[in-house]
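Each chain, written out:
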Amino acid sequence: MSFRPHIVSQSALSPAARERFAKIVGEKYALTGEAMQPFLREPRDLYEGRAALVLKPGTTAEVSQILRLAQETKTPVVPQGGNTGLVGGQISFDGSAVVVSLVRMNKIREVSAEGNYMVCEAGVVLQNAQEEALRHDRLFPLSLGAEGTCTIGGNLGSNAGGTGALAYGVARDLVLGLEVVLADGRIWHGLRKLKKDNTGYDLRHIFIGSEGTLGVITAAVLKLFPAPRAVEAAFVGLKSPKDALSLLNLLQSRAGSALTSFELIARMAMEFNFLHLPGARDPLGAPHRWYALVELTSPVESGLRETLESALEEAAEKNMVEDAALAANEAQRAAFWKLRTGITETQRPEGGSIKHDVSVPVASVPAFLEEADAAVIKLIPGARPVPFGHMGDGNIHYNVSQPAGADRAAFLARWDEVNALVHGIVAKFGGSISAEHGIGVMKRDLLPEVKDPVELDMMRALKRTFDPNNILNPGKVL
Ligand code: FAD
Ligand code: 2HG
Ligand code: ZN
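Residues numbered from 1 in each chain as written. Chains lettered and ligands numbered in written order. Predicted model: local features only at pLDDT ≥ 70, side-chain atom pairs only at ≥ 80, totals over all residues. Heavy atoms only, no water.

Draft legend 1. How the structure looks around the site of ligand 1. Pro79, Gly81, Thr84, Gly85 and Thr151 are the nearest of the 35 residues found near ligand 1. Gly82 has a polar backbone atom sitting 2.8 Å from an oxygen atom of ligand 1. In the complex, the protein chains occlude 94% of the 970 Å² of accessible area that ligand 1 would expose alone. Listed by contribution, the elements that provide at least two residues to the shell around ligand 1 are β3 (77-80), α5 (152-157) and β10 (216-223). For the shell around ligand 1, the element with the highest residue contribution is α5, accounting for 4 residues. Partitioning the shell around ligand 1 into residue classes produces 10 nonpolar, 23 polar and 2 charged. (Near = heavy atom within 4 Å. Polar contact = N/O pair within 3.5 Å; in protein donor to acceptor, adjacent residues only side chain to side chain. Areas by Shrake-Rupley, 256 points an atom, 1.4 Å probe, with all protein chains shown as cover. Helix = DSSP H or I, 4+ residues; strand = E, 2+ residues; numbered from the N terminus. Nonpolar A, V, L, I, M, F, W, Y, C, P; charged D, E, K, R; others polar.)

Okay, here's the thing in structure tokens:
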């Protein structure tokens with residue numbers, strides 16, 4: 001991958017500035033040397049970062065002071081949450097930069113079951129937010145494989161999608177209000193709890209998905225939903241993505257908004273799971289070329305199982321599905337989901353993997369997959385496409401593993417070439433080269449190729465307005 005880190009400043013952070021930064025959070029929470037390492041590497045080991053300091057503020061006031069000082073000293077600041085991002089957005093590449101890790105800001109300030117909202121600080125781990133909502137008989141529906149580590153701040157910074165987006169939308173759809181520290185240290189107290197508020201521009205959405213380039217989110221008012229009373233999941237074996245599309249449509253017409261997840265999985269991903277995921281077992285008796293993990297959820301006890309069973313029977317009669325297993329209990333449902341969320345990890349032992357997090361219109365997913373598979377295998381005979389993902393949203397993680405036994409480095413050296421091929425097909429279908437993981441550094445240099453120049457100009461204008469000295473996550477996104 002030809003990525004050139006954008007070094008903003010070659011000068012080191014002065015000892016005096018270092019001392020002033022450390023004083024804001026206290027020495028214990030100002031890390032240097034080896035202690036910074038966990039904050040400088042990311043999940044796929046694709047990038048190794050550099051920084052002068054990692055700061056772990058405990059309050060919004062401390063974040064504000066850090067940014068005031070960063071502005072004064074022109075110090076680059078890289079906001080970081082759980083460090084699970086997949087495009088390098090949370091990684092600092094500048095030896096004079098300060099990483100601001102929000103993980104200590106992990107208070108859930110308020111939960112209102114009656115008002116259907118919760119107020120979380122940026123460092124609250126997503127799973128903790130979900131669990132707290134459930135304790136109040138409410139659902140916070142954002143859900144993704146990294147939920148045990150990723151944070152609300154990172155989820156909003158990257159506008160995460162995940163497996164519930166089909167029914168509940170992406171992260172930005174789940175936010176009522178925000179508290180944000182601006183590049184100059186001022187605090188925007190935007191923690192509104194209103195569903196309706198048309199008093200001018202809706203600035204929430206400028207910060208959500210801005211990947212730490214426009215401000216540091218310190219807290220958010222999140223929407224809650226009734227807790228599920230019934231959840232039913234099925235693991236389905238299919239001949240083709242075309243049949244998966246037919247099944248998706250059938251389930252949507254039979255179950256309506258109760259269809260909360262529709263995930264597609266290629267056989268190759270299942271094979272990687274069987275090899276590398278401890279305890280993984282095939283829920284179905286025989287292999288299938290494709291699988292769908294589908295889930296129905298309802299806030300009322302409502303005959304959901306019968307709905308799913310009869311829809312799957314209908315699908316079988318219409319030859320849309322080859323086989324299906326319904327989860328008999330919670331443990332089986334969890335095992336189904338493990339086969340889906342484990343894929344990110346089980347690709348790793350198979351060597352180099354070239355990633356594409358793409359979306360196309362839902363009905364174009366089958367044609368996209370057919371064309372991409374043929375093109376990739378023609379380009380690199382023996383390459384192993386491992387497509388999987390959120391088919392209900394038209395979002396496929398079109399990952400390509402190296403040919404078995406091939407040289408990892410030589411395969412990864414073809415990253416740009418494979419990207420160009422796959423992204424070219426995505427463009428043909430009017431799709432996006434980043435459906436949910438963002439731009440970060442991984443796709444920064446591709447953005448001008450795919451974005452309308454007028455849109456890029458507007459983005460640059462926003463950046464200049466919110467961060468005129470380019471101290472916030474410089475070199476990311478733009
Ligand atoms: P980080 O990685 O720390 O940061 C992500 C970005 O947000 C960076 O640009 C950072 O600068 C910025 N940021 C962090 N905190 C703040 C803040 N307080 N204010 C402003 N900006 C901030 N993503 C999906 O969308 N869907 C998935 O299904 C999904 N599944 C995943 C599964 C696995 C196993 C892994 C490893 C990752 C997955 N991801 C997925 C990617 C990642 O987990 C998400 O993008 C997540 O939302 C990042 O949260 P984080 O706290 O780790 O953020
Ligand atoms: C998922 O949906 C994530 O599991 C990660 O977005 C995708 O590993 C990946 O490429
Ligand atoms: Zn995903």
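Draft legend 2. Region of interest: the packing of helix α8 (residues 241-255) against helix α10 (residues 304-317). Packing of α8 against α10 leaves a shortest axis separation of 10 Å and a crossing angle of 140 degrees. Overall, the two elements α8 and α10 adopt an arrangement that is oblique. Where α8 crosses over α10, the handedness of that crossing is right-handed. Contacts between α8 and α10 involve Leu247, Leu250, Leu251, Arg254 and Ala255 on the former and, on the latter, Thr307, Leu308, Ala311, Leu312, Glu314 and Ala315. Looking at the contact of α8 with α10 residue by residue, the class counts come to 8 nonpolar, 1 polar and 2 charged. (Axes fitted to C-alpha atoms, helices over the stretch in contact; angles between N-to-C directions. Parallel < 35°, antiparallel > 145°, perpendicular 65-115°, else oblique. Left-handed = near helix turned anticlockwise from the far one by under 90°. Contact = heavy atoms within 4.5 Å.)

Draft legend 3. Region of the structure containing the sheet that holds strand β5 (residues 108-112). Taken together, 5 strands build an open sheet; the order of strands is β5-β6-β10-β8-β9 and the sheet is antiparallel. The open sheet terminates on both sides in strands that have one partner only, identified here as β5 and β9 (187-190). Neighbour-to-neighbour, the strand axes of the sheet open up by a mean angle of 15 degrees, direction not taken into account. Pairing between strand β8 (residues 175-181) and β10: 6 bridges, direction antiparallel. When the bridges of β10 are listed, Val175 appears paired with Leu222. Across the sheet, helix α3 (residues 60-73) lies against β5, β8, β9 and β10, angled at about 50 degrees from β8, the strand it touches most. (Pairing = 2+ DSSP bridges.)

Draft legend 4. Spatial organisation of the site of ligand 2. Around ligand 2 lies a shell formed by Arg44, Leu86, Arg340, Thr344, Gln347, Phe388, His390, His397, Asn399, Glu436 and His437. Between ligand 2 and His437 there is a distance of 2.7 Å, counted from an oxygen atom to a side-chain nitrogen or oxygen. The fraction of the free accessible surface of ligand 2 (300 Å²) that becomes covered by protein chains is 87%. Among the elements of the structure, β18 (384-390) and β19 (395-401) are those that each provide at least two residues to the shell around ligand 2. For the shell around ligand 2, the per-class residue count stands at 2 nonpolar, 6 polar and 3 charged.

Draft legend 5. Up close: the coordination of the zinc ion (ligand 3). Distances from the zinc ion (ligand 3) to its protein donors, namely His390 (NE2), His397 (NE2) and Glu436 (OE), fall within the range 1.8 to 2.1 Å. Counting residues between consecutive donors of the zinc ion (ligand 3) along the chain gives the motif H-x6-H-x38-E. Residue His390 is classed as buried on the basis of its relative accessible area of 4%. (Donors = N, O, S within 2.8 Å, 3.2 Å for Na, K, Ca; no water. Buried < 20%, exposed > 50% of the residue type's maximum accessible area, 1.4 Å probe, protein only.)

Draft legend 6. Quick peek at the packing of aromatic side chains. The final tally for this structure, using the stated rule, is 7 aromatic pairs. For the ring pair Tyr47 and Phe93, a centre distance of 5.8 Å and an interplane angle of 85 degrees mean the geometry is edge-to-face. Of this pair, Tyr47 sits in the loop between α2 (37-40) and β2 (53-55) while Phe93 sits in the loop between β3 and β4 (98-101); the two residues are 46 residues apart in sequence, bridging distant segments of the chain. In this pair, the class of Tyr47 matches that of Phe93, namely buried. Judged by centre distance (5.1 Å) and plane angle (65 degrees), the rings of Tyr168 and Phe225 are edge-to-face. Taken as a pair, Tyr168 in helix α6 (residues 165-168) and Phe225 in strand β11 (residues 225-226) lie far apart in primary sequence, 57 residues in all. What makes Phe225 partly exposed here is its relative accessible area of 23%. Members of the aromatic cluster, each reached through a chain of ring pairs, are Trp188, Phe207 and Phe466. (Phe/Tyr/Trp six-rings, centres within 6.5 Å; stacked < 30°, edge-to-face > 60°.)

Draft legend 7. Main features of the sheet that holds β2. Strand order in the open sheet made by the 4 strands is β1-β2-β4-β3, with mixed pairing throughout. Whereas interior strands pair on both sides, the edge strands pair on one side only; in this sheet they are β1 (30-31) and β3. Note that β2 and β4 share 3 bridges and pair parallel. When the bridges of β4 are listed, Leu55 appears paired with Val100. This element, helix α1 (residues 15-25), spans β1, β2 and β4 of the sheet and lies at about 20 degrees to β2.

Draft legend 8. Looking closely at the pattern of salt bridges. Under the counting rule described, the total for this entry stands at 29 salt bridges. Across the salt bridge formed by Glu121 and Arg109, the nearest N and O atoms sit 3.2 Å from each other. Of this pair, Glu121 sits in strand β6 (residues 117-121) while Arg109 sits in strand β5, placing them 12 residues apart in sequence. Notably, a salt bridge pairs Glu263 with Arg340, separated by 2.7 Å at the nearest N-O pair. Here Glu263 is found in strand β13 (residues 259-266), whereas its partner Arg340 is found in helix α11 (residues 330-341), with 77 residues between them in sequence. Classification of Glu263 as buried rests on a relative accessible area of 1%. Given the relative accessible area of 6%, Arg340 is considered buried. Each of the salt bridges in this network shares a partner with another, and the network as a whole consists of Arg41, Asp45 and Glu48. (Salt bridge = Lys/Arg side-chain N within 4 Å of Asp/Glu carboxyl O.)

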